[in-house]
Amino acid sequence: MQTKFIFVTGGVLSGLGKGVTAASIGNILKSHGFKIWMQKFDQYLNIDAGTLNPEEHGEVFVLDDGSETDLDLGHYERFIDTSLDKTSSVMSGQIYQAILEKERSGKYLGKTIQMIPHVTDEVKSRIFKAAVDSKCDVLITEIGGTIGDYEGTHFVEAIRQMKHDVGEDNVLYVHVGFLPYLGASQELKGRPMQFSVHDLQAMGIQPDVLICRSDHPVKPSMVKKIALFTGVEEEAVIPLETVNTIYKVPLILEKYHLDQIVSRKLKLKLKNQSNKEWSKFIQKIDTSPKKTIKIGLVGKYMAMKDTYFSVTESLKIAAIWQNVKLELGWIDAEQLEKSSKQEIAKIMKEYDAICVPGGFGSRGIEGKILAIEYARKHKIPFLGLCYGMQLATIEFTRNVANLKSANTTEINPKTPHPVIHIMPDQEKKMLEHNYGGSMRLGAYPCKLNKKSKTYQCYKKESIFERHRHRYEFNNQYREILEQKGLVIAGTSPDNHLVEIIELKNHPFFIATQFHPEFKSRPLSPHPLFVEFVKTALKN
Ligand code: GLN
């Protein structure tokens with residue numbers, strides 16, 4: 001079948017949920033039996049999201065192949081329940097790097113290198129590569145940023161050319177904009193949306209579908225007006241009011257027959273529709289839960305909660321399937337550091353379970369260690385993720401094995417007890433593997449200890465989980481810590497790397513060197529999050 005291309009642009013404002021909209025289109029088309037692949041273009045001159053500050057951009061989402069990407073890729077994977085790869089994340093830096101490398105090696109045969117065709121061709125080659133490599137029926141490409149951004153023009157021009165290259169019937173443009181509400185006159189305003197479509201038209205693109213995001217109900221008269229001013233069919237002007245959960249978006253778009261519109265415009269024959277599983281998940285959201293659990297996330301990026309996006313989504317998804325109401329509480333690690341034992345107890349007592357997610361650097365880590373100590377001693381279900389696992393190891397070494405100066409060499413390179421450190425052979429391997437980066441990135445196999453609680457969660461011996469870290473558990477401390485009761489619940493298949501630790505005689509104390517949150521999806525919730533929430537509920 002000829003690949004169909006859907007391009008999603010945004011207008012008026014950023015942060016409208018363009019990624020969720022794109023992912024929802026994928027979700028709907030997948031439910032019609034099509035093979036979907038998704039891709040995001042970002043304007044930044046960075047090569048990937050690995051170096052972006054989480055406090056500014058939110059979480060770095062990691063794929064199986066180790067690509068460090070924008071958090072929208074997390075939406076894509078959760079909505080289309082498919083593991084993506086490096087073809088799915090393209091930043092301007094990659095485009096220019098490729099062009100400059102070709103220029104230096106003489107591949108352009110003396111030609112003048114220009115925005116058109118060289119930059120646009122490089123962009124289009126990424127579109128075609130994603131389509132060919134994934135063998136998808138439909139490729140959905142989201143253009144980051146907002147139409148009119150100076151930095152995004154090469155992407156817009158490239159997707160304009162796509163219609164010319166692959167034909168009218170194979171390309172669909174979806175534009176997501178916003179209808180602001182004026183309190184004084186109590187009305188929605190369509191003008192900014194119209195202007196952003198005009199900007200798009202000035203760049204040669206006539207959108208086929210308009211998604212009108214709004215915080216208030218959109219009247220049919222408004223839809224009519226926007227259709228008239230933009231030349232988009234009335235039926236294809238779809239209001240999308242803010243909802244209590246992003247997971248409802250596919251069903252709302254379906255209600256407005258987006259599947260039919262796409263099918264008609266792209267000449268895609270829809271197959272039997274069965275978004276049954278997804279509807280079942282949504283029904284769960286809508287059934288009022290009987291119980292509430294309160295889970296505390298101990299973090300340091302308190303001003304930017306998107307830093308922990310996949311963690312909070314994994315907890316929410318697990319809670320939805322358990323039919324419990326989840327209250328997420330944020331515990332500021334730095335605040336804990338400054339608190340007395342009594343104050344810490346007062347804060348921690350509020351929660352049914354505690355999660356310490358990943359992180360880097362020294363800020364707040366002693367606070368996280370205090371939270372872990374409390375959870376261990378008071379038998380509060382605890383889930384540690386990456387740094388959370390390393391800090392749990394340090395806490396155990398200091399307070400149970402009594403090696404008070406234990407630390408990670410990330411914080412104190414001279415610590416007498418480096419329970420978390422850099423393994424020289426490991427670092428060398430990573431340097432060879434990751435183009436000079438020394439982080440362990442992407443999916444690695446892990447063998448579970450059959451006697452562990454973790455094994456009971458997964459119910460299988462061999463798992464693959466995604467990593468993003470530099471430091472590892474120091475094998476020199478394995479025996480001492482095991483003697484003191486630490487359970488090594490999972491290792492690399494060669495037994496060299498400790499991947500999971502847990503404690504006996506505790507309702508749930510599991511910490512992983514990897515990030516299970518990157519693999520938890522509405523239709524395949526992660527077993528560790530499910531068991532964690534279940535135990536919190538029992539507590
Ligand atoms: N800072 C730790 C390391 O680099 C943990 C990283 C993380 O939590 N993602 O090993």
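The coordinates are above.
What counts, and where the lines are drawn
Residues numbered from 1 in each chain as written. Predicted model: local features only at pLDDT ≥ 70, side-chain atom pairs only at ≥ 80, totals over all residues. Heavy atoms only, no water. Pairing = 2+ DSSP bridges. Helix = DSSP H or I, 4+ residues; strand = E, 2+ residues; numbered from the N terminus. Axes fitted to C-alpha atoms, helices over the stretch in contact; angles between N-to-C directions. Salt bridge = Lys/Arg side-chain N within 4 Å of Asp/Glu carboxyl O. Buried < 20%, exposed > 50% of the residue type's maximum accessible area, 1.4 Å probe, protein only.

**Looking at the sheet that holds strand S19 (residues 462–469)**
So, point 1. One open sheet holds the nine strands; their spatial order is S13-S12-S14-S15-S23-S22-S21-S18-S19, and the pairing between them is mixed. The outermost strands of the open sheet, each flanked by one partner alone, are strand S13 (324–332) and S19. Averaged over all pairs of adjacent strands, the angle between strand axes in this sheet comes to 25°, irrespective of strand direction.
So, point 2. Note: strand S12 (residues 291–299) against strand S14 (residues 353–356), three bridges, orientation parallel. In the sheet register, Leu297 faces S14, and the bridge partner there is Cys355.

**Looking at the pattern of salt bridges**
So, point 1. All told, the structure shown has 36 salt bridges when counted by the stated rule.
So, point 2. The partner of Lys40 in a salt bridge is Asp72, and the shortest N-O contact between them spans 2.8 Å. Of this pair, Lys40 sits in strand S2 (residues 36–42) while Asp72 sits in helix H3 (residues 72–80), and the two are 32 residues apart along the sequence.
So, point 3. On the basis of relative accessible area, Asp72 is assigned to the buried category, the value being 12%.
So, point 4. The salt bridge partner of Lys224 is Glu234, with a shortest N-O separation of 3.8 Å. Of this pair, Lys224 sits in helix H8 (residues 220–230) while Glu234 is found in the loop between H8 and strand S11 (237–241), placing the two residues 10 residues apart along the sequence.
So, point 5. Of the residues examined, Glu234 reaches a relative accessible area of 41% and is grouped as partly exposed.
So, point 6. Among the charged side chains, a salt-bridge network with shared partners connects Lys18, Lys40, Asp42, Asp70, Asp72 and Glu142.

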